[in-house]
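# Working through the structure, step by step
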Amino acid sequence: MGHVYAVTEIVGSSESSIEDAIQTAVERASQTLKNLQWFEVGEIRGHIEGGKVGHYQVTLKLGFRHEGRD
C-alpha cells in the first residue's frame, strides 16, 4: 500500500546563513510534527541592515507521512 503525505509551509530565519535558517526551521518543526520526510525550498530572502545582510529567511514546504491503520 502507498503512503499518504501532508504538506505544510514554514519560514526559517538566521543571522548567519541560508543553511542555518533551513536547519533551524526543520529542527523546530520536528518538535511538533511527526514523520517528517522531506523539505523543499520555495523562496530565499533576507533583511538588510546598514548595507549588510541582517538575516536570511527561507520558505520551506515540509512533507510528513500520515500514519495508517494496520
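As the structure is a prediction and not an experimental result, all values here were calculated from the model.

Moving on, we get to the confidence of the model for the chain. Mean pLDDT for the chain: 93, with 94% of residues reaching 70 or above. When mean pLDDT is compared element by element in the chain, helix 1 (residues 18-29) scores highest at 97, while strand 1 (residues 5-14) scores lowest at 95.

Let us now look at the environment of N35. Mapped onto the elements of the fold, N35 is located in the loop between helix 1 and strand 2 (36-49). Judged by its relative accessible area of 24%, N35 falls in the partly exposed class. Residues N35 and G50 lie 15 residues apart in sequence; the distance between their C-alpha atoms is 41 Å. Those residues in contact with N35 that lie beyond four places of it in its chain are G63, F64, R65 and E67.

A few words on the pattern of salt bridges. Using the criterion set out here, one finds 1 salt bridge in the structure. For the salt bridge of R45 with E43, the shortest nitrogen-to-oxygen distance reads 2.6 Å. Since its relative accessible area comes to 46%, E43 is described here as partly exposed.

Next up on the list: the side chain of T59. The residue T59 is located in strand 3 (residues 52-65) in this model. The class for T59 is buried, based on a relative accessible area of 7%. If near-sequence neighbours (up to four positions away) are discounted, T59 is found in contact with E9, I10, V11, E40, V41, G42, E43 and R45.

A few words now on the sheet that holds strand 1. Each strand in a sheet pairs with its neighbour through backbone hydrogen bonds, running either in the same direction (parallel) or in the opposite one (antiparallel). The strand order across the open sheet formed by 3 strands is 1-3-2, and the pairing between neighbours is antiparallel. Taken across any chain shown, the strands that pair with only one partner, and hence form the sheet edges, are strand 1 and strand 2. Here the average twist between neighbouring strands, direction ignored, is 15°. With 10 bridges joining them, strand 1 and strand 3 adopt antiparallel strand pairing. Paired with T8 across the two strands is L62, which belongs to strand 3.

With 12 residues, helix 1 should reach 16 Å at 1.5 Å per residue; the first-to-last C-alpha distance of 17 Å fits that figure. Among all positions of helix 1, only A21, I22, A25 and A29 are buried. Buried residues of helix 1, viewed axially, fall in a sector of 100°; they line one side. Where helix 1 is buried, its residues meet strand 1, strand 2 and strand 3.

Conventions adopted
- Residues numbered from 1 in each chain as written.
- Predicted model: local features only at pLDDT ≥ 70, side-chain atom pairs only at ≥ 80, totals over all residues.
- Heavy atoms only, no water.
- pLDDT = per-residue confidence, 0-100.
- Helix = DSSP H or I, 4+ residues; strand = E, 2+ residues; numbered from the N terminus.
- Buried < 20%, exposed > 50% of the residue type's maximum accessible area, 1.4 Å probe, protein only.
- Contact = heavy atoms within 4.5 Å.
- Salt bridge = Lys/Arg side-chain N within 4 Å of Asp/Glu carboxyl O.
- Pairing = 2+ DSSP bridges.
- Axes fitted to C-alpha atoms, helices over the stretch in contact; angles between N-to-C directions.
- Expected span 1.5 Å × (residues − 1).
- Arc of directions from axis to C-beta.

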